Amino acid sequence: MRVLVAEDEAALRRQVVDALAGDGYAVDDAADGDRAEFLGATETYDAVVLDLGLPMRDGLSVLRAWRAAGIATPILILSARGAWHERVEGIDAGADDYLPKPFRIEELLARVRALIRRSSGRATPEMRCGPVVLDTRSGRVTVGGAPVTLTAHEYRVLAYLMHHSGRVVSRGELTEHVYAQDLDRDSNTIEVFVARLRKKLGAGSIATVRGLGYRMEPRA
Ligand code: CA
């Protein structure tokens, strides 16, 4: 899963980026509205954390531009305390949720989890594909109840496949959602991650659909 954080206050931006990265997300960040608008329009994200008070271009106008361009990514807006009218405008412009400042970082993480969960049509934070269970709250993965240790990249590949279980996910799509923008991307390494995941989770856990990509079954 990959998230964009648009926030101009450097200390807060760093805190949010670090917390999301610590929860297993690939994270890109933007310090102004122009950069945010550009990244959101050209890169692929599973969720966006968007501060409304941004320099160059305010968050509301960035949000409107994305929605006008048909970008449907779930968006959590951040606003100054007491600015209720901004939040109403934001929600009317297509934001999915909001968080007034100051907030606890745990609440932001829970809201991002919920946004991603709802966008894939799931009602609970636990995902299950046969014996493989991934708890998005703790980041814990178990197979038949036994805990499995994954690297950050393996976790992201697995979380994306499980979020989209029941359909084929191409290597290119996985590449887009597993790496942050500034990292060297190589879709061949996706194969390596999938091979390692099969070793850890069981050979039949991830099916290869020849020429198309990979698929996990919600009930296998
Ligand atoms: Ca701000």
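Please read all numbers here as calculations on a predicted model, not as lab measurements. (Residues numbered from 1 in each chain as written. Predicted model: local features only at pLDDT ≥ 70, side-chain atom pairs only at ≥ 80, totals over all residues. Heavy atoms only, no water.)

(A) Structural context of the sheet that holds strand β3 (residues 47–51). If you walk across this open sheet you meet the five strands as β2-β1-β3-β4-β5, and the pairing is parallel. Only two strands of the sheet have a single partner each, and these edge strands are β2 (26–30) and β5 (97–100). Direction aside, neighbouring strands of the sheet carry axes that sit 15° apart on average. Strands in contact with helix α1 (residues 10–22) are β1 (2–6) and β2; relative to β2, the strand with the most contacts, it is inclined by about 165°. (Pairing = 2+ DSSP bridges. Helix = DSSP H or I, 4+ residues; strand = E, 2+ residues; numbered from the N terminus. Axes fitted to C-alpha atoms, helices over the stretch in contact; angles between N-to-C directions. Contact = heavy atoms within 4.5 Å.)

(B) A look at the environment of histidine 163. Secondary-structure assignment places histidine 163 in helix α6 (residues 152–163). With 41 residues separating them in the primary sequence, histidine 163 and glycine 204 have C-alpha atoms 18 Å apart. The contacts of histidine 163, once residues within four sequence positions are left out, are Met1, Ile116, Arg117, Ser120, Arg122, Met127 and Thr136. A polar side-chain atom of histidine 163 sits 3.2 Å from a polar atom in the side chain of serine 120. A distance of 3.0 Å separates the side chain of histidine 163 from the side chain of arginine 122, its partner in a polar contact. (Polar contact = N/O pair within 3.5 Å; in protein donor to acceptor, adjacent residues only side chain to side chain.)

(C) Looking closely at the pairing of β2. The buried fraction of β2 is high, at four of five residues. Bridging between β1 and β2 involves five bridges; their strand directions are parallel. Looking at the pairing, alanine 6 lines up with alanine 30 of β2. In this fold, β1 hands off to α1, which returns the chain to β2; that crossover is right-handed. (Buried < 20%, exposed > 50% of the residue type's maximum accessible area, 1.4 Å probe, protein only. Right-handed = clockwise from strand over helix to strand, strands pointing away.)

(D) Geometry of the pattern of salt bridges. Scanning the entire structure with this criterion turns up 20 salt bridges. Between arginine 113 and aspartate 23 there is a salt bridge, with its nearest N and O atoms 3.5 Å apart. One end of the pair, arginine 113, is in helix α5 (residues 105–119); the other, aspartate 23, is in the loop between α1 and β2, and 90 residues separate them in sequence. Taking the shortest distance from any N to any O, the salt bridge between glutamate 89 and arginine 64 comes out at 3.6 Å. Placement of the pair is glutamate 89 in helix α4 (residues 84–92) and arginine 64 in helix α3 (residues 59–68), with a sequence separation of 25 residues. The class of arginine 64 is partly exposed, set by a relative accessible area of 43%. Shared partners join several salt bridges into a network, and the residues in it are Glu7, Glu9, Asp51 and Lys101. (Salt bridge = Lys/Arg side-chain N within 4 Å of Asp/Glu carboxyl O.)

(E) Main features of the nonpolar core. Core analysis: the largest hydrophobic core is formed by 48 residues, its most contacted members being Leu20, Leu108, Val112, Val141, Val157 and Leu158. With seven residues, the top contributor of residues to this core is α6. When residues of this core are sorted by domain, at least three fall in each of domain 1 (2–119) and domain 2 (126–215). Leaving out residues up to four positions away in the same chain, valine 112 has contacts with Val3, Leu20, Tyr25, Ala47, Val49 and Leu76. Listed in part, the 19 residues of the second largest apolar core include Val48, Leu52, Val62 and Trp66. (Core = buried A, V, L, I, M, F, W, Y, C linked by side-chain atoms within 4.5 Å. Domains from an automatic or database assignment.)

(F) Seen up close, unusual backbone geometry. Between lysine 101 and proline 102 the backbone carries a cis peptide bond, its omega angle lying at -10°. You can see proline 102 is positioned in the loop between β5 and α5. Even without being a glycine, methionine 56 presents a positive backbone phi close to 70°. Looking at where methionine 56 falls in the secondary structure, it is placed in the loop between β3 and α3.

(G) Highlighting the coordination of the calcium ion. The coordination sphere of the calcium ion, as far as protein atoms go, consists of Asp8 (OD), Asp51 (OD) and Gly53 (O), spread over 2.2 to 2.4 Å. Mapping the donors of the calcium ion onto the primary sequence gives the spacing D-x42-D-x1-G. In this structure aspartate 51 comes out as buried when scored by relative accessible area, which is 4%. Given the relative accessible area of 45%, glycine 53 is considered partly exposed. (Donors = N, O, S within 2.8 Å, 3.2 Å for Na, K, Ca; no water.)

(H) Layout of the domain arrangement of the chain. Assigned domains of the chain: these are domain 1 (2–119) and domain 2 (126–215). Computed over C-alpha atoms, the centres of domain 1 and domain 2 are 25 Å apart. At the junction of the two partners, domain 1 supplies 16 residues and domain 2 supplies 14 residues. Counting each side, the surface lost to burial between domain 1 and domain 2 is near 1200 Å², with a carbon and sulfur contribution of 43%. Linking domain 1 with domain 2 are zero salt bridges, by the criterion used here. Counting across the domain 1 and domain 2 interface gives six residue pairs in polar contact (both at pLDDT 80 or more). Counting residues per element, the ones that place at least two in the side of domain 1 that touches domain 2 are β2, α2 (33–42) and α5. Residue classes in the side of domain 1 that touches domain 2 are distributed as six nonpolar, two polar and eight charged. (Buried area = accessible area lost by both parts, 1.4 Å probe. Nonpolar A, V, L, I, M, F, W, Y, C, P; charged D, E, K, R; others polar.)

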